[in-house]
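Observations on chain architecture
Each chain, letter by letter, is given below.
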Amino acid sequence: DTEVTQTPKHLVMGMTNKKSLKCEQHMGHRAMYWYKQKAKKPPELMFVYSYEKLSINESVPSRFSPECPNSSLLNLHLHALQPEDSALYLCASSQVFLTGANEQFFGPGTRLTVL
Amino acid sequence: TQLLEQSPQFLSIQEGENLTVYCNSSSVFSSLQWYRQEPGEGPVLLVTVVTGGEVKKLKRLTFQFGDARKDSSLHITAAQPGDTGLYLCAGGNAGGTSYGKLTFGQGTILTVHP
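Anyway, here's the lowdown on the structure attached to this text. No experiment lies behind these values; they were computed from the predicted model shown.

Right, let's get into the packing of aromatic side chains. Within the structure shown, the criterion is met by eight aromatic pairs over all chains. Among the aromatic residues, those joined into a cluster by ring pairs are Tyr 33, Tyr 35 and Phe 106 of chain A together with Tyr 35 and Phe 104 of chain B.

So, on to the environment of Val 4 of chain A. Residues and elements named next belong to chain A. Mapped onto the secondary structure, Val 4 falls in strand S1 (residues 4-7). A residue is classified by how much of its surface remains accessible, and Val 4, at 5% relative accessible area, is buried. Put simply, Val 4 and Leu 81 are 77 residues apart on the chain and 25 Å apart in space, counted from C-alpha to C-alpha. In contact with Val 4, not counting residues within four places along its chain, are Cys 23, Glu 24, Gln 25, Met 27, Cys 91, Ser 93, Phe 105, Phe 106, Gly 107 and Pro 108.

For an interface, size is often stated in terms of accessible area lost upon the parts coming together. Taken together, the contact pairs 25 residues of chain A with 25 residues of chain B. A combined buried area of about 1900 Å² lies between chain A and chain B, and 58% of that area is made up of carbon and sulfur atoms. Close ionic contact of Lys 9 of chain A with Glu 41 of chain B constitutes a salt bridge, the shortest N to O distance being 3.3 Å. Our enumeration of links across chain A and chain B arrives at seven residue pairs in polar contact (both at pLDDT 80 or more). Mapped onto the side of chain A that touches chain B, the elements with two or more residues apiece are strand S4 (31-37), strand S9 (87-94) and strand S10 (105-106) of chain A. If one sorts the elements of the side of chain A that touches chain B by residue count, S4 of chain A sits on top with three residues.

Residues and elements named next belong to chain B. Note on placement: Ile 13 falls in strand S2 (residues 10-14). Under the relative-accessibility criterion, Ile 13 is labelled buried at 7%. Along the chain, Ile 13 and His 113 lie 100 residues apart, while their C-alpha atoms are 6.2 Å from each other. Once residues lying within four places of it in the same chain are set aside, the contact partners of Ile 13 are Leu 19, Ala 79, Leu 110, Thr 111, Val 112 and His 113.

Attention shifts here to the state of the cysteines. Residue and element names in this part refer to chain A. Per the counting criterion, the structure on display carries two disulfides over all chains. Note that Cys 23 is cross-linked by a disulfide to Cys 91, the S-S spacing being 1.9 Å. One quick way to see it: the torsion about the S-S bond of Cys 23 and Cys 91 is about -70°, and its sign makes the bridge left-handed. Separated by 68 residues along the polypeptide, Cys 23 in strand S3 (residues 18-25) and Cys 91 in strand S9 bring together distant segments of the chain. Taken individually, Cys 23 and Cys 91 each receive the classification buried, so the pair is uniform in this respect. Here Cys 68 is not cross-linked by a disulfide; its sulfur's nearest cysteine counterpart is in Cys 91, at 9.1 Å. In this structure Cys 68 comes out as buried when scored by relative accessible area, which is 12%.

It is worth spelling out the sheet that holds strand S7 (residues 61-65) of chain B at this point. Residues and elements named next belong to chain B. Overall, antiparallel pairing links the five strands, which are arranged S1-S3-S8-S7-S6 in an open sheet. Across the chains shown, the open sheet's two edge strands, defined by having one partner strand only, are strand S1 (5-7) and strand S6 (55-58). With strand direction ignored, the average angle separating the axes of adjacent strands in the sheet is 15°. Pairing geometry for S7 and strand S8 (residues 71-76), over five bridges, is antiparallel. By the bridge assignment for S8, Leu 61 is matched with Ile 76.

A few words on the nonpolar core. Ranked by size, the top nonpolar core spans 23 residues in total, and within it Trp 34, Phe 64, Leu 76 and Leu 78 of chain A carry the most contacts. Listing elements by their share of this core, those giving two or more residues are strand S2 (10-13), S3, S4, strand S5 (44-50), strand S7 (64-70), strand S8 (73-79), S9 and strand S11 (110-114) of chain A.

A few words on the side chain of Glu 54 of chain B. All names here are of chain B. One can find Glu 54 in the loop between strand S5 (44-49) and S6. Relative accessible area serves as the criterion here: at 17%, Glu 54 is assigned to the buried category. A distance of 2.8 Å separates the side chain of Glu 54 from the backbone nitrogen of Val 50, its partner in a polar contact.

As a further point, take the pattern of salt bridges. Enumeration according to the criterion identifies seven salt bridges over all chains in this entry. A salt bridge links Glu 58 of chain A to Lys 101 of chain B, with the nearest nitrogen and oxygen atoms 3.0 Å apart. One end of the pair, Glu 58 of chain A, is in the loop between strand S6 (53-57) and S7; the other, Lys 101 of chain B, is in the loop between strand S9 (85-92) and strand S10 (102-104), on a second chain. You can call Glu 58 of chain A partly exposed: its relative accessible area is 34%.

The rules we used
Residues numbered from 1 in each chain as written. Chains lettered and ligands numbered in written order. Predicted model: local features only at pLDDT ≥ 70, side-chain atom pairs only at ≥ 80, totals over all residues. Heavy atoms only, no water. Phe/Tyr/Trp six-rings, centres within 6.5 Å; stacked < 30°, edge-to-face > 60°. Helix = DSSP H or I, 4+ residues; strand = E, 2+ residues; numbered from the N terminus. Buried < 20%, exposed > 50% of the residue type's maximum accessible area, 1.4 Å probe, protein only. Contact = heavy atoms within 4.5 Å. Buried area = accessible area lost by both parts, 1.4 Å probe. Salt bridge = Lys/Arg side-chain N within 4 Å of Asp/Glu carboxyl O. Polar contact = N/O pair within 3.5 Å; in protein donor to acceptor, adjacent residues only side chain to side chain. Disulfide = S-S within 2.5 Å. Pairing = 2+ DSSP bridges. Axes fitted to C-alpha atoms, helices over the stretch in contact; angles between N-to-C directions. Core = buried A, V, L, I, M, F, W, Y, C linked by side-chain atoms within 4.5 Å.

These figures come from the coordinates and say nothing about function on their own.
Okay, here's the thing in structure tokens:
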């Protein structure tokens, strides 16, 4: 199974709402990532988990809160977002970076709209 | 900070034409990945190159990693409308503060007209 799944596919939320994005992989990967992508731009790294521990936070605002409950699951909790946070949110996974051949496998993304 | 300059940014061609996309950097990468992304979907990994001078072929797509591992190219022969999408190159790093990160190029939006 070489698939990363993400739910929901689409999400519309108000600035006062709390919602969560979910990601799951069954490839045995021990590194998982959250990216934010604006239209026609490359993905921007937000967070990296390695062995279920947060290893990289790219200075992301605290209204985004990641969680890695186990080696297969990754969540992104959202609270008090701004309209400029509207974007495609991508989850990815990879083997832990042993040789630098950092092949990341992406999910289909969650299209988030903040009203 | 490592940078990958990808060119061209936009490419609009007719079916059957050939094209080449370039990614260049002043930094050495331990690996180089190429992804293709369709609108509203996540990037799909096409290939990974890790050895300087390496050439890989995937049907009509040919990928090359520069000898010094600072640049890469993607060549598509006889493009088809199904090749339309955003192509992304991404450099991988083996250590230091960039450990585990990918450095993305700015992307090439390819449109192949029937």
